[in-house]
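Residue-level structure breakdown
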2 protein chains.
Amino acid sequence: MFEPWLIAPISAAISILAGLYFYYYVNKQDSGTERMREISGAIKEGANAFLKKEYKILAIFVIVVGMLIGLLLPQPVWTNAKPIQNLSLALAYFFGAFCSALAGYFGMDIATKANAKAAYAARGGLNKAFPIGFRGGAVMGLAVVGFSLLGISVVYGITGMPADMGVPPILAFSFGASGLALFAKAGGGIFTKTADISADLVGKVELGIPEDDPRNPAVIADNVGDNVGDVAGMGADLADSYIASTAAVMILGVALGFVEIALVFAGLGIIASIIGAFTLRTGVKGNPGKALNMGTYATCIVFLAMAFVASYHLKYPLQLWGAAVVGLTAGIVIGTTSDYFTSEDKKPVMKTAEAAKTGAATTIITGFSYGLQSVVPPLIGIGVASAIAYYLCAPLGAGYALFGISLAALGMLSIVGMIISNDAYGPIVDNSRGIAEQAGLGDEVIRITDELDAAGNTAKAITKGFAIGAAGLTVIALLATFQEIAAKAGHPVVFDVMNPIVLMGALIGVGMPALFSALLMLGVGRNAERMIAEIRRQFKEIPGLREGKEGVKPDYAKCVDIATTGALRELLPASVITLVVTLVVGFVGGVQALGGYLVGSIFSGLLLALLMSNAGGLWDNAKKYIETGVHGGKGSDAHKAAVVGDTVGDPFKDTAGPSLNTMITVMSLVSSLFAALIVQYNLLGILGIN
Amino acid sequence: MFEPWLIAPISAAISILAGLYFYYYVNKQDSGTERMREISGAIKEGANAFLKKEYKILAIFVIVVGMLIGLLLPQPVWTNAKPIQNLSLALAYFFGAFCSALAGYFGMDIATKANAKAAYAARGGLNKAFPIGFRGGAVMGLAVVGFSLLGISVVYGITGMPADMGVPPILAFSFGASGLALFAKAGGGIFTKTADISADLVGKVELGIPEDDPRNPAVIADNVGDNVGDVAGMGADLADSYIASTAAVMILGVALGFVEIALVFAGLGIIASIIGAFTLRTGVKGNPGKALNMGTYATCIVFLAMAFVASYHLKYPLQLWGAAVVGLTAGIVIGTTSDYFTSEDKKPVMKTAEAAKTGAATTIITGFSYGLQSVVPPLIGIGVASAIAYYLCAPLGAGYALFGISLAALGMLSIVGMIISNDAYGPIVDNSRGIAEQAGLGDEVIRITDELDAAGNTAKAITKGFAIGAAGLTVIALLATFQEIAAKAGHPVVFDVMNPIVLMGALIGVGMPALFSALLMLGVGRNAERMIAEIRRQFKEIPGLREGKEGVKPDYAKCVDIATTGALRELLPASVITLVVTLVVGFVGGVQALGGYLVGSIFSGLLLALLMSNAGGLWDNAKKYIETGVHGGKGSDAHKAAVVGDTVGDPFKDTAGPSLNTMITVMSLVSSLFAALIVQYNLLGILGIN
């Protein structure tokens, strides 16, 4: 008989095929003029150079961590009667890292091709260019979910959920993917903002040349950054929540006999995303922003309908489906509230733009204040969704309540293929605009690419809300997994903050996301300093560059190289500290301390992630709003103040903010992985205190 | 026989007398020239006008809340067989609010006198001026602790700790004081930053006239702001933690038979502070900053020695004394780490100043990043102190462990008389500088007042760290009180975040400090807009004002009036929301939800309070560092960028940041007050969900 869970690998394979089809579709489009090919080639080359260097360093890291896992988990290999278990975990970990790296590479490859093609197609109008941009993004979206779910299916197909292991291999797979995602996000985030800030500060502010001007030595690096930061980074972020929430459902489902519902729902979600991606094209009637959002809603409805039918036939309790509905609805609601705080036609952005009239300081204070306000609705949304899912499933019996929360996370993430597609669309058309400007395709084409870009921003507001909401629900589900694994290992964890060990863990946990963001942002600052010096040098030393003399070209590669080397140097401390502190807290304070630590880091991580992402988006749009001509428009004092806000917002929204999601996911996964070992060996336990 | 606890009212009375002595000492000093008297008089008048208006509005609020307490607590009066209990709680509440208001008034009165006197004495050198500044501050410090502890003693002497009431009157007293403190801090914080930002933006930035220039119509309002924001506000902040931690120790001590240790330790702390204040004067040898810090250390040692002797004779277990030592040490350590992040000669400030060379945006990003880093050591400090105090006292028996944490909080706050004195010194000498500038006392006097001001900043770093650390430990102690009261009322609370009701409460709690800060800062923004318009109007419409024509004066009173009206209008929403949301969470979700809510708000409140206070202090000092001549000094582009940072930091460090301490204390107190009632009446309980 056909096993229902096989829908997961099958739809994952279809997803990869659909991705290939889109790849082929985009690839056969015209790349445009010689100059465009040249620019696009330079971006591609820069992105490849970065990825190659990054993967080389990460390979070392992954091998070291993988060997540690192989040595220590599920039990130290020298005490384990079945050392094959250690090997399984290590292999699952490597496989997870590999899948994540592959998906990142794939998406980036097509994104760096689609940009020029969409720009060239824009000569024929919006409706010609839009499908290229969207389908380019869909390659990333479908590849990411395809590889992720295929990987999960393979690990599950081979190892199942072995009851005697303590740590299921699926968790090691998830950690492999998330660990790589953390580096990809942090590294990409530092790269992209280094280039962006440096290019703007020297180009726009000091020399007064326009954005994307080919004379600017950092312009290619800036475009590369959009790809390595936004395409690869955002994809990795959502993929890691996706894999982690699937793993959480599977682990919590073991005791209930509902392991495979995760795979069934995830598989159906992929099919819904594919349908959404294919039908989107015909929906375009001049407003690409609406088309993207309509595609998302359609995907939701298709998924929920299919999941309902499947639940009925497979005799899943309807409450489990209900939990998924709750999660998905919460995702949409959270996305809509971030939209309110970052949209040009809503009060927060307009008030911030108004504050820009009195200078940079009031711009920052006002935007930051609205950013603080913006955290409230998503937090309540996550809280309400968890509570509803919990009480919905609680009547099914012991263990179902927390299972319900994990299903809400899974439900929210089911349509992630579509979400990533929308998201990757943004940097592709942003690049198209850059290429159109650099290749001199004329004002009309730039106007169209501007419109495509604006649509990307509209979609982005919802997808960002989704990403943070999904991470929030996922880490709560992972808390439940952590509790489950620790309890099985003989040490039940109660997250009671009046236990001083839990409290201490929690207070350290509260500090970690702050420390992590600080390290990333200071890294951007240091890196930007190096790059600014280089840009100034080139303008000074290359004769004719500033004046735009025919045939004079800046040394783009040098800037790409600085951004690459710097990003890799700066990402290591933050990422390594995340892992090391987590393990130190665990092996010193035991699972109680580690439980508190996770709770503290989740609270402060969500707070800071929402604050930074939304404040950053808000400042960006306040600047754009002024550029439409209000409060004096471009070049006015208000505009200059708004540019300061936008620049502050850059590392907020594109480096620190979104990396925090991944950070708390990684912390949760590593804690669950090591929970059983920590129960056996921890300092306070050995000293008899805890 | 002499009852040991009577040391509290006796030393409180001595403290008030010592305060009167200092008052007399300061008052008999020369107020200087006619012009100085005039300026000082204007500041005094403005401060009085603000206080009068504020107290009028607060009186209405206090009466309404007091009546509600009288009606509802400890049980609704119509169900209570002993309605005298309701009356007792209402009266204790009124009394608490009254004591807080009185202390605020007293301190402000002397501060507005001491400023001119210290400025005039500065003509005779640093050593003449310093004692006047310090003793002016000490009036505030000694008055605040005197009135606070006398109030506590009176309430305790009359009502004791009645076992049958559920809610002890001492808690209502504490809530009265904290509630008033919240308004005083928020209102004063909005007032001071409205005036400061407006005066700077129009005066320094637009017109290029110096700080404290008498032509600036906002200059008096700015000086008034220092008094109503910093003197009254900071005093109220520490006083409310002080009262709350004393109340927590008394409540937790009931079951253990150790109610009066709180009063004994608090009384000894006051005596130590008085000794510290009296000996400080002789310690001045040219470096007032060191003198202030030495005074603090001396007070610590005297207190610990006396408390040790008292514990020995009164046969208190030595561990209880040990917990106080732990708390006090943590306070010093936390203060020292904030000092690192905000001192001109340390890396964070220097790096931020360097970042100012590349503009305002990098200044903000760098300072904000260090601000994020600065939260880690205090959080760990609070966690470690709680854990040590807990494990130190745990062997004494059940209930002692949490009692230990409350004693750590009390120990940290024992020397609060000295801390407030140091703190109030700052705005007094800041005002002296303003008066010296406006009255034209010459460069040498301004240099001396600058030096006095710098000493205030050095001391401030430590006192600020103290304030936040103390609030942190206090709210943890209050969590224990909340748990105790809820358990007695029949509903034990476990702060387990895997309970979805707790989780939802916690996520809402995480959002509250963010919302509160946002409302205050947006209030400052709106208020500053009104004031900026007025300043510009005066410069435009008053002939000769800009040029500084002899005899032409701006309308100072108008600016004071705008700041006053605006501050009172803006403070209400934030403060009322704090109380209302807390009660709504409780009466809807029950004590479990409320427990989670408190935990969430404590974590996010501490995070944001530390971030904002330290980032603000850091930007302030980065600007001052540049003004010493580095990176181009005053007037350079780096300086302009640093001014933006300083302006952003103003509402961070003086409005939102420090109000958060009080906010979480108020939330904790109101939760404890209503806990028993909430156990009986809450929506989820009635619906049978929780």
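The structure reproduced in this document is the subject of the present report. Quick caveat: nothing in here was measured; it's all calculated off a predicted structure.

**So, the overall build of chain A**
- Check the secondary structure of chain A and you find 19 helices and zero strands.
- A compact globule built from 690 residues should have a C-alpha radius of gyration of about 26 Å, and chain A, at 24 Å, falls within 12% of that.
- In terms of overall dimensions, chain A has C-alpha extents of about 75 × 55 × 45 Å along its principal axes.
- Of the contacts made within chain A by residues no fewer than 6 positions apart, 84% connect residues no fewer than 24 positions apart.
- Carbon and sulfur atoms make up 64% of the accessible area of chain A, which amounts to about 20800 Å² in all.
- Chain A carries 45 positive and 48 negative side-chain charges, and their two centres are separated by 2 Å.

**Looking at the nonpolar core**
- A:Phe265 and B:Phe265 are the most contacted members of the largest nonpolar core, which totals 542 residues.
- Setting aside chain neighbours within four positions, we find A:Phe265 in contact with A:Phe303, A:Ala307, A:Ser311, A:Tyr316, A:Leu320, A:Trp321, A:Ala324, A:Leu407 and A:Leu410.

**Quick look at the environment of A:Tyr681**
Residues and elements named next belong to chain A.
- Counting through the fold element by element, tyrosine 681 comes out in the loop between helix H18 (637-680) and helix H19 (683-686).
- Separated by 554 residues in sequence, tyrosine 681 and asparagine 127 place their C-alpha atoms 62 Å apart.
- If we skip the residues at most four places from it in the chain, tyrosine 681 touches Pro76 and Phe587.

**Remarks on the packing of aromatic side chains**
- Per the stated rule, a full pass over the model turns up 52 aromatic pairs over all chains.
- A centroid spacing of 5.7 Å and a plane angle of 25° characterise the contact between B:Tyr21 and B:Phe278, whose relative ring orientation is stacked. With B:Tyr21 in helix H1 (residues 7-27) and B:Phe278 in helix H7 (residues 261-280), this residue pair connects regions lying 257 residues apart in the sequence.
- Look at B:Phe308 and B:Trp321: their rings are 4.9 Å apart centre to centre, the planes differ by 70°, and that puts the pair in the edge-to-face class. With a gap of 13 residues between them, B:Phe308 in helix H8 (residues 288-313) and B:Trp321 in helix H9 (residues 318-342) connect regions that are remote in the sequence.
- Given the relative accessible area of 35%, B:Phe308 is considered partly exposed.
- Connected via pairs of aromatic rings, a cluster forms that spans A:Phe258, A:Phe265, A:Phe303, A:Tyr316, A:Tyr400 and A:Phe403.
- When the ring centre of B:Tyr120 is taken as reference, the NZ or CZ atom of B:Arg123 above it lies at 3.6 Å.
- Over the face of the ring belonging to B:Tyr25 we find B:Arg135, whose NZ or CZ atom lies 4.5 Å from the ring centre.

**What about H18(A)?**
Residues and elements named next belong to chain A.
- Under the 1.5 Å per step criterion, the end-to-end length of H18 is 63 Å for 44 residues, consistent within 8% with the ideal 64 Å.
- At phenylalanine 674, H18 shows its maximal bend, which comes to roughly 55°.
- The element H18 is largely enclosed, with a buried count of 41 among its 44 residues.

**Focus: the interface of chain B and chain A**
- Of the residues lining the interface, 69 residues belong to chain B; the matching set on chain A comes to 69 residues.
- Summing both partners gives a buried area of about 5800 Å² for chain B against chain A, and 85% of it is carried by carbon and sulfur.
- Linking chain B to chain A there are zero salt bridges.
- Our count for the contact surface shared by chain B and chain A stands at zero residue pairs in polar contact (both at pLDDT 80 or more).
- Mapped onto the side of chain B that touches chain A, the elements with two or more residues apiece are helix H5 (169-207), helix H11 (360-374), helix H12 (376-393), helix H15 (443-488), helix H16 (500-541), helix H17 (556-627) and helix H18 (637-680) of chain B.
- The residue inventory of the side of chain B that touches chain A, partitioned by class, reads 52 nonpolar, 13 polar and four charged.

**As for the relation of the copies chain B and chain A**
- In the superposition of chain B on chain A (RMSD 0.0 Å, axial shift 0.0 Å), the rotation amounts to 180°. Overall, the copies show the geometry of a two-fold rotation axis. Judged by C-alpha distance, B:Asp496 is the residue of chain B that lies nearest the rotation axis, at 2.4 Å.
- Interface residue correspondence from chain B to chain A reaches 100%, placing this contact among same-surface, isologous pairings.

**Details of a nonpolar patch on the surface**
Residue and element names in this part refer to chain A.
- Among the surface-exposed residues, Val576, Val580, Val584, Val588, Leu683, Leu687 and Ile689 lie close enough to one another that they form a single nonpolar patch of about 550 Å² accessible area.
- With four residues, the top contributor of residues to the nonpolar patch is helix H17 (residues 556-627).
- Structurally, isoleucine 689 is set in the segment after H19.

The rules we used
Residues numbered from 1 in each chain as written. Chains lettered and ligands numbered in written order. Predicted model: local features only at pLDDT ≥ 70, side-chain atom pairs only at ≥ 80, totals over all residues. Heavy atoms only, no water. Helix = DSSP H or I, 4+ residues; strand = E, 2+ residues; numbered from the N terminus. Rg over C-alpha atoms; globule rule 2.2 N^0.38 Å. Contact = heavy atoms within 4.5 Å. Areas by Shrake-Rupley, 256 points an atom, 1.4 Å probe, with all protein chains shown as cover. Lys, Arg positive; Asp, Glu negative; His and termini not counted. Charge placed at Lys NZ, Arg CZ, Asp CG, Glu CD. Core = buried A, V, L, I, M, F, W, Y, C linked by side-chain atoms within 4.5 Å. Buried < 20%, exposed > 50% of the residue type's maximum accessible area, 1.4 Å probe, protein only. Phe/Tyr/Trp six-rings, centres within 6.5 Å; stacked < 30°, edge-to-face > 60°. Lys NZ or Arg CZ within 6 Å of the ring centre and 35° of its normal. Expected span 1.5 Å × (residues − 1). Bend = angle between axes of the 7 residues up to and from the residue. Buried area = accessible area lost by both parts, 1.4 Å probe. Salt bridge = Lys/Arg side-chain N within 4 Å of Asp/Glu carboxyl O. Polar contact = N/O pair within 3.5 Å; in protein donor to acceptor, adjacent residues only side chain to side chain. Nonpolar A, V, L, I, M, F, W, Y, C, P; charged D, E, K, R; others polar. Least-squares fit on C-alpha atoms with pLDDT ≥ 70 in both. Patch = residues over 30% accessible without salt bridge, like charges linked within 9 Å, V, L, I, M, F, W, Y side chains within 5 Å.

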